[in-house]
Amino acid sequence: MKKNELVQKSYEIAKERYAAIGVDVDATLEKLQKIQISIHCWQADDVTGFENLGNLGGGGIQATGNYPGKARNIDELRADIEKVQTLVGGKHRLNLHEIYGDFGGKVVDRDEVEPSHFTSWMQWAKEKDLKLDFNSTSFGHPKSGDLTLANPDKSIRDFWIEHTKRCRAISEEMGKFQNDPCIMNIWVHDGSKDITVNRYLYRSLLENSLDQIFAKEYKNMKDCIESKLFGIALESYTVGSHDFYLGYGAKKQKMVTLDMGHFHLTESVADKISSLLIFTPEIMLHVSRAVRWDSDHVVLLNDETIDLAKEIVRADALDKVHIGLDFFDASINRIGAYAIGIRSTQKAFLQGLLEPIAKLREYEANGQYFERLALLEEAKGLPWNAVWDYFCLKNNIAVGEDYIGEIQQYEKDVTSKR
């Protein structure tokens, strides 16, 4: 029997098995098809970007490894993203950092950036059926240092305020062009390597900077603010902590970005979803994988990713939670990293969508906690992977491990020649 026929047959069996516990698998696949993942552009080139300022690195950013074939320019990065699109089902988004502008070989400092520097990105994304999201970039610049928006030096602080204002204006133009809101994320690395006695001062400055940045209202973009536990070489203190942005987001009704690598390893990011949704309008996710520290490893189908996806589905929050990826592994094939991360995230949400939630809620409402726990356990062993294979088949993408060969061929034909 051919593989496609096996996939079809397995899917029909899985449908019956899930129907027995009240799950409509066809409806589940329709929901999975609509889930958009914001794919981060920086995995393709190790967070280098296309500026001519001389990216200094630093600011809590460190891509490790030197696997050959990274994208060296806009054309190569776009080619890589186009390849990634052939490996994953559904229609997705592309998340750009400001340093990835089309600067045409000219020196454009970050307080001078304009929407025109992203016109070609907008046009390309429309051709490739991608929506764009955006980020300001505070790291890797002569004026980055340890503090940007929280810097006591007004001239440096004003430089980054202007940069971030311009990034919001760019996001507005992106949203207008694509007729879909562009989500713009603000993450700054500001902090201290060792003990500071000015915690309150820096957070007051950051609040004031954000107030200035958000003073202008836009209709075609959405703001989100991202916290962090600590940064590389800034281990003792982070100005933009989770507590800070949680308070600011609730007060100003801004989206808070939850990066799975920006918390203590024993914290549950899944548990934060319901609390945030009560006090803020929406949530932005950066799905990542921390290993002992915020090392931005490739997303896997592990307990943390599954728990996060299940909680979002259980909260009926798919329309309120925006899903993005954030990892940069330069030690392995970069296209392979994308494929593993995106497919693993989709698999996690598929498992969440396949939960017999109606029956589980009924058990819980009736105080039938044994039954609830038993069904949760039994659901783990149901043939979700047969449903996943059929999703891939329907989307005309590689089923199972077949995508490995496709990536190897792309490496042979394209990336190995860079």
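Note that this is a predicted model, so its numbers are computed, not measured.

Engineer: So, the overall build of the chain: which residues are in play, and what are the values?
Structural biologist: Counting its regular elements, the chain contains 14 helices and 12 strands. In terms of C-alpha radius of gyration, the chain reaches 22 Å, essentially the compact-globule figure of 22 Å for 418 residues. C-alpha atoms of the chain, sized along the principal axes, occupy 65 × 55 × 40 Å. A burial count over the chain gives 53% of its 418 residues as buried.

Engineer: Hey, could you go over the packing of aromatic side chains for me, with residue numbers and the actual values?
Structural biologist: The geometry of two aromatic rings is summed up by the distance between their centres and the angle between their planes. In the structure shown here, the tally under the stated rule is 11 aromatic pairs. Seen from their ring centres, F118 and F134 are 4.9 Å apart, and the 80 degrees between their planes marks the pair as edge-to-face. Remark: F134 occurs in strand β3 (residues 131–135) and F118 occurs in the loop between β2 (93–97) and α4 (119–127); sequence separation between them is 16 residues. When the centroid spacing of 5.1 Å and the interplanar angle of 80 degrees are considered together, the rings of F244 and Y245 count as edge-to-face. A relative accessible area of 1% means that Y245 is categorised as buried. One aromatic cluster in this structure is built from F214, F244, Y245 and Y248. Across from the ring centre of W121, 4.3 Å away, lies the NZ or CZ of R78, which sits over that ring. The side chain of K254 reaches across the aromatic face of F214, ending 4.4 Å from its centre.

Engineer: Let's hear about the UniProt feature "binding site: Mn(2+)" (unreviewed entry) in the chain: which residues, and what values?
Structural biologist: Here the UniProt-annotated "binding site: Mn(2+)" (unreviewed entry) positions come out as H262, D294 and D296. These residues run over 35 residues, yet every pair of their C-alpha atoms falls within 9.4 Å of each other. Secondary-structure assignment places D294 in strand β11 (residues 293–297). Residue classification places D294 among the buried residues on the basis of a relative accessible area of 7%. In terms of polar contacts, D294 uses its side chain to reach the side chain of K228, at 3.0 Å. Turning to its location among the elements, D296 is positioned in strand β11. Taking relative accessible area as the criterion, D296 reaches 6% and is therefore assigned buried. Reaching out from D296, the side chain makes a polar contact with the side chain of S288 at a distance of 3.5 Å.

Engineer: Break down the nonpolar core for me, citing the residues and quoting the values.
Structural biologist: With 120 residues, the main nonpolar core has L96, W121, L210 and L285 as its most contacted residues. Among the elements that line this core, the one with the most residues is helix α10 (residues 334–353), at 9 residues. Each residue touching L285, except ones within four places of it in the same chain, is listed here: L258, I273, L308, I312, V321, H322, I323 and G324.

Engineer: Give me the environment of V387: which residues, what numbers.
Structural biologist: For V387, the position within the fold is in helix α13 (residues 384–394). Ignoring sequence-local partners within four residues, the contact set of V387 consists of Y11, A14, Y18, V25, L29, L350 and L354.

Engineer: Would you mind going over the side chain of T148 in detail, with residue names and values included?
Structural biologist: Among the secondary structure elements, T148 is positioned in the loop between β3 and α5 (154–178). Not counting residues up to four positions away in its chain, the partners in contact with T148 are S138, K143, I156, R157, W160, V188, H189 and D190.

Engineer: I'd like a rundown of α5, residues and numbers included.
Structural biologist: With 25 residues, α5 ought to run about 36 Å at 1.5 Å a step, and its terminal C-alpha atoms sit 36 Å apart, in line with that. Remark: N179 follows α5 within two positions and exhibits a positive phi of approximately 55 degrees.

Engineer: Which residues make up the side chain of S241, and what are the values?
Structural biologist: Tracing the backbone shows S241 in the loop between β7 (237–238) and α7 (242–252). Look at S241 and you get buried, because its relative accessible area is 15%. Beyond its immediate chain neighbours, meaning those up to four positions away, S241 contacts R203, S227 and K228.

Engineer: Could you give an account of the sheet that holds strand β8 (residues 255–259), naming the residues involved and the relevant values?
Structural biologist: Strands sit in the order β1-β2-β3-β4-β6-β8-β9-β12 around a closed barrel of 8 strands; the barrel is parallel. Pairwise comparison of adjacent strand axes, ignoring direction, gives a mean angle of 30 degrees for this sheet. Sheet topology places strand β1 (residues 37–40) next to β2; 3 bridges connect them, and they run parallel. Within β2, the position partnered with S38 by the bridge is R93.

Engineer: Describe unusual backbone geometry, naming the residues involved and giving the relevant values.
Structural biologist: With a phi close to 70 degrees, A233 is a non-glycine residue in the positive phi region. Inspection of the secondary structure assignment puts A233 in the loop between β6 (221–226) and β7.

Engineer: Got a sec to walk through the state of the cysteines? Specific residues and values, please.
Structural biologist: Under the criterion given, the structure shown has 0 disulfides. Looking at the unpaired C167, the closest cysteine sulfur is the one in C182, lying at 10 Å. Residue C224 stays outside any disulfide, its sulfur separated by 9.3 Å from that of C182, the closest cysteine.

Rules used throughout
- Residues numbered from 1 in each chain as written.
- Predicted model: local features only at pLDDT ≥ 70, side-chain atom pairs only at ≥ 80, totals over all residues.
- Heavy atoms only, no water.
- Helix = DSSP H or I, 4+ residues; strand = E, 2+ residues; numbered from the N terminus.
- Rg over C-alpha atoms; globule rule 2.2 N^0.38 Å.
- Buried < 20%, exposed > 50% of the residue type's maximum accessible area, 1.4 Å probe, protein only.
- Phe/Tyr/Trp six-rings, centres within 6.5 Å; stacked < 30°, edge-to-face > 60°.
- Lys NZ or Arg CZ within 6 Å of the ring centre and 35° of its normal.
- UniProt positions renumbered as here; feature names shortened; annotations may be inferred.
- Polar contact = N/O pair within 3.5 Å; in protein donor to acceptor, adjacent residues only side chain to side chain.
- Core = buried A, V, L, I, M, F, W, Y, C linked by side-chain atoms within 4.5 Å.
- Contact = heavy atoms within 4.5 Å.
- Expected span 1.5 Å × (residues − 1).
- Pairing = 2+ DSSP bridges.
- Axes fitted to C-alpha atoms, helices over the stretch in contact; angles between N-to-C directions.
- Disulfide = S-S within 2.5 Å.

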